[in-house]
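# Chains, contacts and geometry: an overview
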Amino acid sequence: MTRAPKLKAGRGVIVDRRPLGVDAFRRLWVASVVCAVGGSFSLVAIPTQLFTMTGSSAAVGASAVVSFVALVVAALWTGALADVRDRRTILLAAHCGLTSTYAALWAQSVLDARSVPILMVLVACQGLTFGSIMTTMGAVVPRLVPVELLPAANSLSSLARYAGSIAGPVLAGLLIPLVGLGTLYLFDALALLAVVWAVATLPRLEPARASNVPAEPHRGDHPALAQILAGFRYLAASRLLVAVLAVDLSAMVFGMPVALFPELAQHTYGGPAGGGPTLGLLYAAYPAGVFAVGLLSGTFTRARRHGALMAAAAAAWGITVVVLGVAAQLWIALTALVLGGAVNFVLSTFRNAISQALTDDAMRGRIQGTLTVVLIGGPQLANVLHGTAASFLGPRTVICIGGLLTTVAVAAIAWRVPELRSYTMSSPCPSP
């Protein structure tokens, strides 16, 4: 069992740095910071290259679908694999695969292949490896830090990820005219080598076998599908895990109106057609709020009532969405999005901490695979629902309805599942 590092009183009040006292986590986190900034250029480069080659936004949309399908397949399959194989090996293979994918993207750009099918295949490879990384990493972190540091560890991981989501695209936009689009892929591959090194230094992480998880036959031909279904049964048997998933899904599907930002920017706040500073501010406000509260993570990561805090943050997110919907002035809308990003950081921190602490290690891979699908699929479904409903009701009405539905749904879940309200860090892990 990893022991919590002892830090002087008062340290970590701003950013809770206690997990960085664990050597393995510190190496992994520092490498993830490098990768979050220098390894996220492809998020800009791929759609830009596709649009340049085809002149069609439909091609860009098709690449998003290809990536999403590949990610879902990888998350479920890797989740099952991570519960029967060494997680360090899986994580290392996934990062090496993603590094090779970026190297191949760089090569096709240098060779000026200009082939949409080749690019789509590489996009699928990116989705497969990224889905594997997200899933396995969620099962690895609880093995590196003690349970009382899980909120702090998750907040540090989110802080690095959102710092990359802000700095990465900005740097990519500045670098494209200087070094060319293809060189961004090479930068991604080089940045990932830091994570490959950090993962290679981890100890072996064989999944544990616990008495409260039904034994499964250890046959070489044991179908992955049976293991995936066993994970779904384990999830369905835990009211608290289902409630955590339902709260998170409600917040994302009902309360994530990102698809309506272009219409809001132009028709509500007077921005120019085709985008402009107003649209950029709307997109930047949410991650800015996430990043800002991440710098203050020490104010809440030591709290023990994880369930109540998660539910309260989700309900507060719904209220900020309602404020966004009724805001007639841009500064009010931006304030609502900044506050929404702040409470969503709290929501995601305790969602991860609860699911990781509550799940038996023998099932963590599969549960993390399911969470990965929800985290990626929820916003996609929100885009479809909000975009469709806005064509009939208008964007501001749809945003208000979504915010209200979020708050009402979260309140209903918290009332129906009192275990969520009462769950604390010291709560025992119930056996489904």
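Heads up: these notes are all about the structure in this document. Here the structure is a predicted model, which is why all the values come from computation and not from measurement.

Let us now look at the overall build of the protein chain. Regarding its fold elements, the protein chain presents 16 helices and zero strands. The C-alpha radius of gyration of the protein chain comes to 21 Å, within 12% of the 22 Å expected for a compact globule of 432 residues. Taken over the C-alpha atoms alone, the protein chain extends approximately 60 × 50 × 45 Å along its principal axes. A burial count over the protein chain gives 50% of its 432 residues as buried.

For the rest of this paragraph, the subject is the packing of helix H11 (residues 277–294) against helix H13 (residues 330–358). Running from N to C, H11 and H13 cross one another at 35°; their axes reach a closest spacing of 7 Å. Taken as a pair, H11 and H13 cross one another with a handedness that is right-handed. For the pair H11 and H13, the contacting residues are Thr278, Leu281, Leu282, Ala285, Tyr286, Gly289, Val290, Val293 and Gly294 in the first and Leu330, Leu334, Leu337, Val338, Gly340, Gly341, Ala342, Asn344 and Phe345 in the second.

Our focus in this paragraph is the side chain of Thr370. Tracing the sequence through the fold places Thr370 in helix H14 (residues 364–393). On the basis of relative accessibility, which here comes to 10%, the residue Thr370 falls in the buried class. Setting aside residues no more than four positions away along its own chain, Thr370 makes contact with Phe232, Leu235 and Leu245.

Tallied over the entire structure, the rule returns twelve salt bridges. A cluster of three or more residues bridged by salt bridges with shared partners is formed by Asp83, Arg87, Arg143, Asp361, Arg364 and Arg366.

This part takes up the environment of Leu405. Note on placement: Leu405 falls in helix H15 (residues 395–416). Residue Leu405 is classed as partly exposed on the basis of its relative accessible area, which comes to 40%. Residues Leu405 and Tyr269, spaced 136 residues apart in sequence, show a C-alpha to C-alpha distance of 25 Å.

With the exception of glycine, most residues fall at negative phi, and the peptide bonds are largely trans. Even without a glycine there, the phi angle at Asp112 is positive, about 55°. Here Asp112 is to be found in the loop between helix H4 (87–110) and helix H5 (116–144).

Moving on, we come to helix H7 (residues 181–200). Here H7 is 20 residues long and its end C-alpha atoms lie 30 Å apart, about the 28 Å a rise of 1.5 Å per residue gives. Along H7, the residues classified as buried are Leu181, Gly182, Leu184, Tyr185, Asp188, Ala189, Ala191, Leu192, Val195, Val196, Ala198 and Val199.

The next thing to look at is a nonpolar patch on the surface. Where nonpolar side chains cluster on the molecular surface, the patch consists of Val65, Val69, Val73 and Leu128 and spans about 320 Å² of accessible area. Top contributing element to the nonpolar patch by residue count: helix H3 (residues 57–81), with three residues. Residue Val73 is classed as partly exposed on the basis of its relative accessible area of 48%.

As enumerated under the stated definition, the model contains two cavities of 30 Å³ or more in all. Considering only enclosed or pocket space, the largest cavity measures out at about 40 Å³ in volume. Around the largest cavity sit Leu235, Leu241, Val244, Leu245, Ser355, Ile367, Thr370 and Leu371, which together line it. Residue assignment for the lining of the largest cavity shows that the elements contributing at least two residues are helix H9 (239–254) and H14. Roughly 30 Å³ of internal volume is contained in the second largest cavity. Contributing to the lining of the second largest cavity are Leu76, Ile228, Gly231, Phe232, Arg366 and Thr370. Elements with a minimum of two residues in the lining of the second largest cavity: helix H8 (224–236) and H14. If you tally residues by element for the lining of the second largest cavity, the top one is H8, at three residues. Residue classes in the lining of the second largest cavity are distributed as three nonpolar, two polar and one charged.

Another point: the state of the cysteines. In this structure the tally under the stated criterion is zero disulfides. We note that Cys96 lacks a disulfide partner, and the nearest cysteine sulfur, in Cys35, lies 12 Å from it. With no disulfide of its own, Cys125 lies closest to Cys96 among cysteine sulfurs, the gap being 14 Å.

Rules and cut-offs
Residues numbered from 1 in each chain as written. Predicted model: local features only at pLDDT ≥ 70, side-chain atom pairs only at ≥ 80, totals over all residues. Heavy atoms only, no water. Helix = DSSP H or I, 4+ residues; strand = E, 2+ residues; numbered from the N terminus. Rg over C-alpha atoms; globule rule 2.2 N^0.38 Å. Buried < 20%, exposed > 50% of the residue type's maximum accessible area, 1.4 Å probe, protein only. Axes fitted to C-alpha atoms, helices over the stretch in contact; angles between N-to-C directions. Left-handed = near helix turned anticlockwise from the far one by under 90°. Contact = heavy atoms within 4.5 Å. Salt bridge = Lys/Arg side-chain N within 4 Å of Asp/Glu carboxyl O. Expected span 1.5 Å × (residues − 1). Patch = residues over 30% accessible without salt bridge, like charges linked within 9 Å, V, L, I, M, F, W, Y side chains within 5 Å. Areas by Shrake-Rupley, 256 points an atom, 1.4 Å probe, with all protein chains shown as cover. 1 Å grid on protein atoms, 1.4 Å probe; cavity = no way out; pocket = protein on both sides within 12 Å on 5 of 7 lines; lining within 4 Å. Points joined across faces, edges and corners; volume = space filled by probe spheres on them. Nonpolar A, V, L, I, M, F, W, Y, C, P; charged D, E, K, R; others polar. Disulfide = S-S within 2.5 Å.

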